[in-house]
Amino acid sequence: MGIGRCNRESVVAFVCPRCRGGLHDTEISVRCFTCGTRYRKVDGFPCFTDEYEELPESLTVPANELVMGERAASEFLSPLISSLYPDESPQQLHVLDVGCGTGEVANALQSVHGYDCWGVDLGYRRVHWRKLAAAEKLALSCGSCLPFEVSCFVLVYTFGVIEHVGATGQGR
């Protein structure tokens, strides 16, 4: 988990991970205005990597992963962020979930607690993203090459990711 200074007045948006240029969004891809790099969309979401997992034939996500988002947000992250920034409005605080999985934690932080929450992941759990209020703030990307401006988040967190770092192939 990283805590940093950021311009709370700034608007967070996806940027080109190569040059940090702005992106033009189309139905099938996003293209960098500065360097011209084109990133395709996978399942409707911007994809800033070639290392994402394909959707498996039979998709089973444990039910606890789908319901833990509100609990993790309410019992841990929201109180933590409030204690770090007691005088700040949640809408002004930009938060990033690296390895967001189903997106439920990021979604709860945004829709229930009011934080400006974004998320990235490489896995197949993105199949659940379309159902979320925070869907437009989720993308396929690895944590080592994030598609955001430097220092734009007050908090960057991860849950259940360390065991996947350095792993390759299915079941990362």
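Nothing here was measured: the structure is a model prediction, and the numbers come from that model.

Some words on the sheet that holds strand 3 (residues 29-32)
Within the open sheet, the four strands sit side by side as 2-3-4-5. Their pairing is antiparallel. Single-partner strands in this sheet number two, and they are strand 2 (23-25) and strand 5 (45-46). Bridge analysis of strand 4 (residues 38-42) against strand 5 gives two bridges, and the strand direction is antiparallel. From the neighbouring strand, valine 42 faces strand 5, where its bridge partner is phenylalanine 45.

Looking at the pattern of salt bridges
Enumeration over the complete set of coordinates arrives at five salt bridges. The shortest N-O distance in the salt bridge between aspartate 25 and lysine 41 comes to 2.5 Å. Taken together, the positions of aspartate 25 in strand 2 and lysine 41 in strand 4 put the pair 16 residues apart, joining distant regions of the chain. Measuring nitrogen to oxygen at the nearest pair gives 2.3 Å for the salt bridge that ties lysine 137 to aspartate 116.

What about the pairing of strand 4?
The pairing of strand 3 with strand 4 spans three bridges and is classified as antiparallel. In the strand pairing of strand 4, serine 29 is matched with arginine 40. The loop that links strand 4 with its antiparallel partner strand 5 comprises two residues; one of these, aspartate 43, has a positive phi angle of about 55°.

Structural notes on unusual backbone geometry
Of all residues except glycine, most have a negative phi; of all peptide bonds, most are trans. One non-glycine residue, aspartate 43, adopts positive backbone phi at about 55°. Along the chain, the position of aspartate 43 falls in the loop between strand 4 and strand 5. With a phi close to 60°, serine 151 is a non-glycine residue in the positive phi region. Here serine 151 shows up in the loop between strand 8 (138-140) and strand 9 (155-157).

What counts as what
The written sequence of each chain sets the order in which its residues are numbered from 1. Local features are withheld for residues below a pLDDT of 70 in this predicted model, meaning they are given only at 70 or higher, and side-chain atom pairs are given and counted only at 80 or more; totals for whole chains, interfaces and linings count all residues. Excluding hydrogens and water, the side-chain figures rest on all heavy atoms present in the structure. At least two bridges found by DSSP between two strands is the condition for calling them paired. By definition, any uninterrupted DSSP run of H or I lasting at least four residues is a helix, any uninterrupted run of E lasting at least two residues is a strand, and each is numbered from the N terminus. Each reported salt bridge corresponds to a side-chain nitrogen of Lys or Arg within 4 Å of a carboxyl oxygen of Asp or Glu.

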